[in-house]
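Overview (structure and organization)
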Protein chains: 2
Amino acid sequence: MFKTFIGPVEDEASVVYLRPETAQGIFVNFENVLNTTRKRLPFGIAQTGKSFRNEVTTGNFIFRSREFEQMEIEYFVKPGTDKQWFEYWVEERLNWYASLGIKRENLKLRPHAKEELAHYARECSDINYLFPMGWAELEGIANRGDFDLVQHAASSGKGLSYYDEEAKEHIVPYIIEPSAGVDRTFLAVLCDAYDEDEAEGEKRVLLHLHPDLAPIKAAVLPLSRKEHLASFAQEIYADLRQQWMVQYDDAQSIGRRYRRQDEIGTPFCVTVDFESLEDKQVTIRERDSLRQIRVPIESLKSTLAAKLAGEDLFVLPEGGKIWKE
Amino acid sequence: MFKTFIGPVEDEASVVYLRPETAQGIFVNFENVLNTTRKRLPFGIAQTGKSFRNEVTTGNFIFRSREFEQMEIEYFVKPGTDKQWFEYWVEERLNWYASLGIKRENLKLRPHAKEELAHYARECSDINYLFPMGWAELEGIANRGDFDLVQHAASSGKGLSYYDEEAKEHIVPYIIEPSAGVDRTFLAVLCDAYDEDEAEGEKRVLLHLHPDLAPIKAAVLPLSRKEHLASFAQEIYADLRQQWMVQYDDAQSIGRRYRRQDEIGTPFCVTVDFESLEDKQVTIRERDSLRQIRVPIESLKSTLAAKLAGEDLFVLPEGGKIWKE
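As for the packing of aromatic side chains
The description of two aromatic rings rests on the distance between their centres and on the angle between their planes. With the rule as written, the count across this model stands at 25 aromatic pairs over all chains. With a centroid separation of 5.2 Å and an interplanar angle of 55°, the aromatic rings of Tyr75(A) and Trp85(A) are classed as tilted. Pair noted here: Tyr75(A) is in strand β4 (residues 67–77) and Trp85(A) is in helix α3 (residues 82–99), with a separation of 10 residues, a long-range link. Each of the two residues, Tyr75(A) as well as Trp85(A), counts as buried. Ring geometry for Tyr88(B) versus Trp89(B): centroids 5.3 Å apart, planes at 90°, classification edge-to-face. The exposure class assigned to Tyr88(B) is partly exposed, which follows from its relative accessible area of 37%. Exposure remark for Trp89(B): the relative accessible area of 11% places this residue in the buried category. The structure contains a cluster of three or more aromatic residues connected by ring pairs, namely Tyr75(A), Trp85(A), Tyr88(A) and Trp89(A). The positively charged end of Arg184(B) is found above the aromatic ring belonging to Phe63(B), 3.8 Å away from the centroid.

What about the relation of the copies chain A and chain B?
Mapping chain A onto chain B leaves a residual RMSD of 0.0 Å; the transformation is a rotation of 180° accompanied by 0.0 Å of translation along its axis. The symmetry that links the two subunits is that of a two-fold axis. Measuring from the rotation axis to each C-alpha of chain A, the shortest distance belongs to Thr4(A), at 2.5 Å.

Some remarks on the pattern of salt bridges
Residue and element names in this part refer to chain B. Applying the stated criterion across every chain, the model contains 57 salt bridges over all chains. With a shortest N-O distance of 3.8 Å, Arg122 and Asp82 are connected by a salt bridge. Highlighted residues: Arg122 in the loop between β5 (107–111) and β6 (123–131) and Asp82 in helix α3 (residues 82–99), separated in sequence by 40 residues. For Arg122, a relative accessible area of 45% gives the class partly exposed.

Section: the environment of Pro42(B)
Examined against the element boundaries, Pro42(B) turns out to sit in the loop between α2 (30–37) and β3 (43–52). Those residues in contact with Pro42(B) that sit more than four places away from it in its chain are Tyr75(B), Phe76(B), Val77(B) and Trp85(B).

Describing the side chain of Asp164(B)
Residues and elements named next belong to chain B. Positionally, Asp164 belongs in strand β8 (residues 162–164). Looking at Asp164, the relative accessible area reads 7%, which means it is buried. At a separation of 3.3 Å, a polar atom in the side chain of Asp164 contacts the side chain of Lys78. When near neighbours in sequence (up to four residues on either side) are disregarded, Asp164 contacts Lys78, Glu169 and Ile171.

Side note on the pairing of strand β15 (residues 268–272) of chain B
Residue and element names in this part refer to chain B. Counting buried positions along β15 gives five out of five residues, so the element sits mostly inside the fold. Taking every second residue as pointing to the same face, both faces of β15 are buried, with Phe268, Val270 and Val272 on one and Cys269 and Thr271 on the other. Bridge analysis of strand β13 (residues 218–222) against β15 gives five bridges, and the strand direction is parallel. The residue of β15 that forms the bridge with Pro222 is Val272. Pairing geometry for β15 and strand β16 (residues 281–286), over four bridges, is antiparallel. Bridged to Cys269 within β16 is Arg285.

Re the packing of helix α6 (residues 227–241) of chain B against helix α9 (residues 300–308) of chain B
Residues and elements named next belong to chain B. For the pair α6 and α9, the least separation of the axes is 11 Å and the interaxial angle reads 50°. When the axis of α6 is compared with that of α9, the two are oblique. Of the two elements, α6 crosses α9, and the hand of that crossing is right-handed. Residues Ile236, Asp239 and Leu240 of α6 lie in contact with α9, whose contacting residues are Leu300, Lys301 and Leu304. For the contact of α6 with α9, the class distribution of residues is four nonpolar, no polar and two charged.

Side note on the interface of chain A and chain B
Contact residues are listed per partner, giving 15 residues for chain A and 15 residues for chain B. Carbon and sulfur atoms supply 52% of the area that chain A and chain B bury against each other, a total of about 1,500 Å² over both sides. In this assembly, chain A and chain B are joined by four salt bridges. Linking Glu10(A) and Lys3(B) is a salt bridge whose minimum nitrogen-to-oxygen distance equals 3.3 Å. Taken together, the links from chain A to chain B amount to eight residue pairs in polar contact (both at pLDDT 80 or more).

How each quantity is defined
- Sequence order as written defines residue numbering, which begins from 1 separately in each chain.
- The lettering of chains begins at A and the numbering of ligands begins at 1, in the order of writing.
- Only residues with pLDDT of at least 70 are given local features in this predicted model, and only at 80 or more are side-chain atom pairs given and counted; all residues enter the totals for whole chains, interfaces and linings.
- To get the side-chain values, all heavy atoms of the structure are used, and hydrogens and water are removed first.
- A pair of Phe, Tyr and Trp rings is counted when the ring centres sit within 6.5 Å of each other, with Trp represented by its six-membered ring. The angle between the planes then sorts it: under 30 degrees is stacked, over 60 is edge-to-face, the rest tilted.
- Only DSSP runs of H or I with at least four residues qualify as helices, and only runs of E with at least two residues qualify as strands; both kinds are numbered from the N terminus onward.
- Only protein chains enter the accessibility calculation, which uses a 1.4 Å probe; a residue whose area is less than 20% of its type maximum is buried, one above 50% is exposed, and one in between is partly exposed.
- Placement of a positive charge over a ring is assigned whenever Lys NZ or Arg CZ falls within 6 Å of the ring centre and within 35 degrees of the normal to the ring plane.
- What sets the superposition is a least-squares fit of C-alpha atoms, and only residues with pLDDT of at least 70 in both copies go into it.
- A carboxyl oxygen of Asp or Glu within 4 Å of a side-chain nitrogen of Lys or Arg is what we treat as a salt bridge.
- The criterion used for residue contact is that any of the two residues' heavy atoms lie within 4.5 Å.
- Any pair of nitrogen or oxygen atoms within 3.5 Å is treated as a polar contact; in protein, a donor-acceptor pairing is required on top of that, and neighbouring residues in sequence qualify only through side-chain atoms on both sides.
- Here the rule is simple: two strands pair whenever DSSP picks up at least two bridges between them.
- For helices, the axis comes from a line fit to the C-alpha atoms of the stretch in contact; other axes are also lines fit to C-alpha atoms, and the angle between any two N-to-C directions lies between 0 and 180 degrees.
- Every angle not falling under 35 degrees, over 145, or within 65 to 115 is termed oblique; those three ranges are roughly parallel, roughly antiparallel and roughly perpendicular.
- The handedness criterion is simple: a crossing whose near helix is rotated anticlockwise from the far helix by less than a right angle is left-handed, and one whose near helix is rotated clockwise is right-handed.
- The nonpolar class holds Ala, Val, Leu, Ile, Met, Phe, Trp, Tyr, Cys and Pro. Asp, Glu, Lys and Arg form the charged class, and all remaining residues, Gly among them, are polar.
- Throughout, buried area stands for the accessible area (probe radius 1.4 Å) lost by two parts on being put together, summed over both.

From the geometry alone we can't say anything about function, so treat these as descriptive.
Right, here's the structure in full:
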C-alpha cells in the first residue's frame, strides 16, 4: 500500500494509507444505506473510484498500474441463497462484457480451486480476457460469506446486521462481490475493437467500438467547402449536436475523412453532397460494413437514433434507399 | 502536499507526491492533444479528477477536504485575445451555476486586486457562493498568460508552441483557466435546494433540485397494494425505468410517500389510482408547486420528458386536465 502522512508532522501518529480497494467504504456505510433506503435483501451497493496499490511490476500498457479505477458491487443476500446469487452475478457480469461488444470467444471464466481461495472467500471466479499478452483477469467475483460484516462489527464493536421482517430475526447477510478494473475493461475494449482491413482499395485501421462506447457517434462530412453547401451541412451538424457528440470535418478528401472516423471508431458518417441541396437527403455510411444508405434529412435523427440503439442498418426510413452495398 | 514512496524502499529516491491539482496533466499533454485532434486556437482541454492537499484545517461539511474532486479547463487562446476570452469564461461559468438552479443572488463575482494575484496570473476572478457559513469560493478563473507552457518547456527542454497557419509563425498560447471544485458545487447545490414549507397542513422538508440533478426523476405511487392496481402500476414503472431513474413506492400513506420524494428532490410523482384502471390516466404531481395534472398514460412519457426538460407544468398533453391547483 501507499503510505503517507496527514498534517505537517511525519511521525507514526500521522501515518495513513491510500485505499487499495473501494469495497471497505461500502461495508462501513452498510448500516447507513440500510437505514436510509429501506431496502430489503437481496440488494446491492455499487461504487467506482480510484484505488492505489504499490505494485512492484507495472505495465502491459494500462493492465497493471499503481493508481487505477476500480468498480465494485457488494451484493447482500440471505445466507443459503448465496450460491444461487453468486451464479447469477457471474452470468450477469459475463453478459455485461459481451454487451459492450467484447467477443465472447475472448472471454473465459476461471473458477478458483478450493486451495487457491482467499481466506475470506467461499467461492470465486475470475473473468479473464485474451489480451495480446495472454489470458489475464478483468474481474473477480467472490462469495465472501459474512466475513466482512462480521470483521467490521468485531473491530468497531458495533453490530452490523439486517432485521428480517418475515423471520423476525437479525441476520448477517452474505456478500457476493463483483470487483472489476475500469482501466482493464477499457484496454480489453480497445484490443477487441482494433482491426485492420481494406476499404476502397487501401488499407484502413478501424475500431469496431460498440456505439454506446464510441466517443463520437457520427461525423458530418460536406463534400466541399463551398459556402452554400458548408452552411447547409453546418445546420445538420448543429442539429445532431443537440443530441450526440458529433464531429464536423471538411479537411482533405472524403476518403481521408472516412479513415479518420474509422480510426476513432465513429459508427456513422453523414455525407452531405450537392444533390442534398436539391433532394434534401444525405448519405449515412456505416463504419464496419461500409454500406451506405440515403435518407431524407427529416428522418436523419430518428434513423441514427435507431441505428445507434442497435437496429439493422437496412431498416430504411420512409423515402430512404440503399446507396452502396 | 501528500508525500509517499513508490516501490518497497522508503528513501529520498522513491519520494513522490499526490497531485494537488489536475491542471499540470493537461499542460504535459498539450502537444499530444494538439497533434492528434487538429484543433485550432482557441480550444480547450477539460479534465475532472481527484486532487489531494494536506490541508491543516478541513471542514465546513465537505467545503474543504484533503481529498477532493476537481474540474479544470485549460483554454488556449491567441495572445492579445486573452482579456476577451477571460471575460467570456467568467460569464459562461456564472451561467453554468445558474443553469444548475443555483439562485443568482447567492452567487457573487470577486475580482482579485492586483496585489493579491498569484505570480502566474495576469487576472483572476473567484465565483463565490453564499454558504451557510458565509461567502466562500466555488471556482477561480485565471488568465495565466503563457506562464505554464513556458515553464514546462523550460523544465523539459522541449518547446511547447502552436503553429499559426495564417501568420506563419510559432506562438505560445495564453491560457484561461476555470478551476472549480466538484464537492463545493455539490454542497452549494444542496444548500440552495434545501427548503422547509407546509404542504397539506403539515411541515415538509424538500429539495428544490434542478431536474437535471435530481437523482430520481419520478416516483410511481399506486394508491393501494391491491393486486390488480399493483400490477398495473408496476407496468407503468417498468416503462418509465427504461428512460429514467425512477422509484416505485407502495409503503404507507400517499402523503408519507410524497414527503419521502420531496425530501430527496424527486421533481414528479405519478399517482396511480383505481380510476386509472378505467380511464387509463394517471396524476402527475409537481414537487415545488404541489400542482397536479391528470394525463393519459400513453402521453405520460412525453409529458414527463417535456417537463424534465423545463417546460411549464401546465402545458397539458391532449386529453390531459388540471387536477389540483
